[in-house]
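What the coordinates show
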Amino acid sequence: MNSLEIAKTWLKSPFDENTQKEVQKLIETNPKELDEAFYKNLEFGTGGMRGIMGVGTNRLNKYTYGQATQGLANYLHQQFTGKKITVAIAFDVRHNSDTFAKLVANVLTANGIYVYLFKEFRPTPELSFTVRKLKCDAGIVLTASHNPPEYNGYKVYWNDGAQIVPPHDSAIIKEVRKVDFAEIKFDGDDSKITYLDQEIDNQFIDAAIENTMFLKGKKDLKIVYTSLHGTSIKILPQTLENAGYENVFIVPEQEIPDGNFPTVKSPNPEEPEALSLALKYAEEQNADIVFGTDPDADRLGIAIRDINGKLVLLNGNQANTILTDYILQKWKKNGKIDGKQFIGSTIVTSDIFFALANHYGVDCKVGLTGFKWIADLIRKEEGKEKFICGGEESFGFMPSDYVRDKDSISSILVACEAAQEAKNEGKTLFEKLIDIYEKVGFYYEELVSIVKTGKDGASQISKMMEEFRAHPPKEIAGENVIKSDDYQSSISLNLTTGEKTNIDIPKSNVLIFYTNKGTKLACRPSGTEPKIKFYFSVQSTLTTKDEFAEKISEAQIKIQKIKEFLK
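Note that the structure is predicted; figures quoted are calculated from it, not measured.

Some points on the pattern of salt bridges
Under the counting rule described, the total for this entry stands at 38 salt bridges. Here Glu425 makes a salt bridge to Lys432, at a shortest N to O gap of 2.8 Å. Given the relative accessible area of 45%, Glu425 is considered partly exposed. Note on Lys432: relative accessible area 19%, which makes it buried. Measuring nitrogen to oxygen at the nearest pair gives 2.7 Å for the salt bridge that ties Lys558 to Glu479. With a gap of 79 residues between them, Lys558 in helix H17 (residues 548-566) and Glu479 in strand E19 (residues 479-486) connect regions that are remote in the sequence. A network of salt bridges, in which partner residues are shared, links Asp160, Asp376, Arg379 and Lys380.

Observations concerning the state of the cysteines
A full pass over the atoms with the stated rule returns 0 disulfides. This cysteine, Cys416, is not joined by any disulfide, and Cys389 carries the nearest cysteine sulfur, 17 Å off.

A few points about the sheet that holds strand E16 (residues 396-398)
Spatially, E14-E13-E15-E16 is the arrangement adopted by the 4 strands of the open sheet, whose pairing is mixed. Lying at the two open borders of the sheet, with one neighbouring strand each, are strand E14 (363-367) and E16. The sheet shows a mean angle of 20 degrees between the axes of neighbouring strands, taken without regard to direction. In this structure, strand E13 (residues 341-346) lies alongside E14, joined through 5 bridges in parallel fashion. Paired with Thr346 across the bridge in E14 is Gly367.

A look at unusual backbone geometry
Between Ser13 and Pro14 the backbone carries a cis peptide bond, its omega angle lying at 15 degrees. When you line up the elements, Pro14 lands in the loop between helix H1 (3-8) and helix H2 (17-29). Its identity as a non-glycine residue notwithstanding, His229 has a phi of 70 degrees, on the positive side. By the element assignment, His229 lies in the loop between strand E8 (223-226) and helix H9 (236-242). Even without being a glycine, Asn286 presents a positive backbone phi close to 55 degrees. Mapped onto the secondary structure, Asn286 falls in the loop between helix H10 (276-285) and strand E10 (289-293). Residue classification places Asn286 among the exposed residues on the basis of a relative accessible area of 51%.

Description of helix H16 (residues 454-470)
Here H16 spans 25 Å end to end across 17 residues, near enough to the 24 Å set by a 1.5 Å rise per residue. Every buried residue of H16 is accounted for by Gly457, Ile461, Met465 and Phe468. Along H16, the residues classed as buried sweep out an arc of 75 degrees about the axis, all on the same side. Residues Asp456, Lys463, Glu466 and Ala470 are exposed on H16 and point more than 90 degrees away from its buried face.

A look at the packing of aromatic side chains
The tally for this structure, following the rule as stated, stands at 22 aromatic pairs. Here Trp10 and Phe38 contribute two aromatic rings whose centre-to-centre distance is 5.3 Å and whose plane-to-plane angle is 85 degrees, an arrangement assigned as edge-to-face. Of this pair, Trp10 sits in the loop between H1 and H2 while Phe38 sits in helix H3 (residues 31-38), and the two are 28 residues apart along the sequence. Phe38 matches Trp10 in its accessibility class, with the two residues each being buried. For the ring pair Phe214 and Tyr326, a centre distance of 6.2 Å and an interplane angle of 75 degrees mean the geometry is edge-to-face. With Phe214 in the loop between helix H8 (198-212) and E8 and Tyr326 in helix H11 (residues 316-333), this residue pair connects regions lying 112 residues apart in the sequence. What links up through ring pairs into an aromatic cluster is the set Trp10, Phe15, Phe38, Tyr63, Phe181 and Phe186.

Points about the side chain of Asn106
Take Asn106: it is sitting in helix H5 (residues 97-110). In terms of polar contacts, Asn106 uses its side chain to reach the side chain of Lys102, at 2.7 Å.

Looking at the packing of H11 against helix H15 (residues 429-440)
Where H11 meets H15, the closest approach of the two axes is 10 Å, and the angle between their N-to-C directions is 80 degrees. Classified by the angle their axes make, H11 and H15 are roughly perpendicular. In this structure, H11 contributes Gln318, Thr321, Ile322, Asp325 and Gln329 to the contact, and H15 contributes Leu429, Leu433, Ile436, Tyr437 and Lys439.

Section: the sheet that holds strand E9 (residues 248-250)
As summarised here, the arrangement of the 5 strands in space is E9-E8-E10-E11-E12, forming an open sheet in which the pairing is mixed. If you trace the sheet from one side to the other, it starts and ends with E9 and strand E12 (311-313), each paired once. Between one strand axis and the next, the sheet turns by 20 degrees as a mean value, whatever way the strands run. Strands in contact with helix H14 (residues 408-424) are E8, E10 and strand E11 (300-305); relative to E10, the strand with the most contacts, it is inclined by about 175 degrees.

Quick look at the side chain of Ser128
With respect to the element layout, Ser128 can be found in helix H6 (residues 124-133). Under the relative-accessibility criterion, Ser128 is labelled buried at 0%. At 2.6 Å, the side chain of Ser128 forms a polar contact with the backbone oxygen of Gly161. In this structure Ser128 touches Tyr157, Gly161, Val403, Arg404 and Asp405, once residues within four positions along its chain are discounted.

Quick look at the environment of Lys406
When you line up the elements, Lys406 lands in the loop between E16 and H14. Owing to a relative accessible area of 7%, Lys406 belongs among the buried residues under this scheme. In the structure, Lys406 is positioned 128 residues away from Ala278 in sequence and 22 Å away in space, judged by C-alpha atoms. Apart from residues no more than four positions distant in its own chain, Lys406 is found in contact with Pro125, Asp298, Arg299, Phe371, Glu392, Gly396 and Phe397.

Details of the environment of Glu431
Relative to the helices and strands, Glu431 resides in helix H15. Judged by its relative accessible area of 27%, Glu431 falls in the partly exposed class. For the pair Glu431 and Glu385, spaced 46 residues apart in sequence, the C-alpha separation works out to 32 Å. Dropping the residues within four chain positions of it, Glu431 is found in contact with Ile307 and Gly426.

Reading the values: the criteria
Residues numbered from 1 in each chain as written. Predicted model: local features only at pLDDT ≥ 70, side-chain atom pairs only at ≥ 80, totals over all residues. Heavy atoms only, no water. Salt bridge = Lys/Arg side-chain N within 4 Å of Asp/Glu carboxyl O. Buried < 20%, exposed > 50% of the residue type's maximum accessible area, 1.4 Å probe, protein only. Helix = DSSP H or I, 4+ residues; strand = E, 2+ residues; numbered from the N terminus. Disulfide = S-S within 2.5 Å. Pairing = 2+ DSSP bridges. Axes fitted to C-alpha atoms, helices over the stretch in contact; angles between N-to-C directions. Expected span 1.5 Å × (residues − 1). Arc of directions from axis to C-beta. Phe/Tyr/Trp six-rings, centres within 6.5 Å; stacked < 30°, edge-to-face > 60°. Polar contact = N/O pair within 3.5 Å; in protein donor to acceptor, adjacent residues only side chain to side chain. Parallel < 35°, antiparallel > 145°, perpendicular 65-115°, else oblique. Contact = heavy atoms within 4.5 Å.

This is how it looks when you write it as structure tokens:
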């Protein structure tokens with residue numbers, strides 16, 4: 001059926017009167033929006049189900065949330081026969097998140113499933129922790145991370161506290177697609193709901209401190225922090241206080257939770273504009289370090305003072321390099337490394353993490369983009385190798401395995417410790433970063449995202465990837481391409497010898513090209529946003545600190561050449 005034919009099926013029962021009126025209005029007045037709302041069903045990407053709120057099969061609403069949850073309920077009954085099934089539910093500050101969370105809880109309890117539901121918004125990493133702490137069979141968080149205000153989302157976690165991966169993801173989707181909207185059980189049973197509040201918060205805070213703190217002694221670090229109107233305001237101030245940090249300054253204009261995110265163009269700490277108020281406030285307070293978290297508090301932006309004392313934003317790879325090196329140092333100092341440990345990364349993240357792992361005598365394992373794949377590595381290695389920490393370039397880090405998702409709360413604790421230790425030594429974290437480059441090599445990365453919205457945008461992104469596959473580059477910035485990895489075909493091609501090898505990672509629409517001088521170009525459509533992303537990475541050696549500025553300049557010139565090549 002085409003979009004109009006599908007839309008007309010929403011003009012009768014089981015759809016409620018308001019829904020029918022909205023669909024009829026689209027049919028009569030806005031055929032383009034009608035097509036966008038009904039041309040496909042929402043899909044699970046790297047971050048679950050995410051979309052614009054509104055009527056339609058390609059929108060988030062009572063019925064698409066209900067259908068997803070009914071399908072999940074059916075699958076849980078298949079997997080956990082004869083036992084009391086429990087699911088934890090959290091939600092962020094977005095419009096309708098609390099209402100949709102209760103709706104999801106109602107569908108689960110109507111299916112005989114017991115629910116732990118947070119009374120108010122909470123960070124996504126706390127949901128992961130809760131699933132593990134309360135030994136739940138699954139978890140759900142309603143969030144659209146840092147997407148614009150009109151978006152919401154739905155992420156499913158399994159009983160290990162990690163987002164679903166094969167075989168559960170495809171099996172759940174299969175069950176969801178079987179569900180007719182008339183089959184959704186909306187009449188919940190409140191006796192099967194337990195509300196969560198301060199008690200689980202305290203347990204989460206205690207676990208964060210226990211699992212990430214190495215440093216003892218004075219803590220005079222000056223910290224500026226912004227929640228960007230999001231959920232971390234519920235947890236982080238208390239966490240920092242309990243950890244002994246007293247000089248914490250919260251950006252006043254951004255501490256009020258608000259799903260409109262009124263003070264930023266995008267509530268995304270990857271975007272420099274999002275932290276502009278925090279940087280200004282930090283200068284007023286003469287702060288040592290600045291933190292910004294996205295609305296569901298899994299991503300983290302960090303600014304530190306450079307060698308000239310100016311506050312500069314770190315990219316995700318730089319921040320994770322500092323955090324990873326700090327944790328590995330502590331593990332080594334405490335005698336916890338014996339070659340049976342690993343750090344986690346992803347295929348589009350910097351290769352510096354291989355160099356760091358090699359330096360400290362641990363393994364570096366990589367998965368597809370998204371922390372569910374790092375969590376999957378932990379699951380697969382349990383009992384064989386111990387996970388230390390892991391991260392990806394998109395401003396996410398996991399400093400321990402007590403949470404199985406990216407976690408800004410505990411990551412901030414590690415960053416504070418690293419910064420405090422540097423301060424105690426009369427150094428800055430920026431100088432520590434340069435020390436790391438001297439130790440394992442200089443790596444520099446940039447990211448370019450091209451937004452292509454709607455049905456036409458999705459088609460354009462698809463054609464761009466097809467073009468790269470049909471006509472792969474032979475040179476990048478004057479360097480010979482010697483290898484290409486196509487994660488959709490699972491083939492790695494050595495362009496020098498013609499040898500093909502299999503890539504032992506689940507299939508994904510990602511292409512990566514490598515040159516003879518260590519330059520890397522990766523291309524992939526976003527799994528959660530209407531974007532295609534290009535990741536640029538260059539590397540060289542850094543002999544002395546005095547070379548740093550020159551190396552940065554050389555890297556930026558080379559990446560600019562790559563950008564021009566893409567045009």
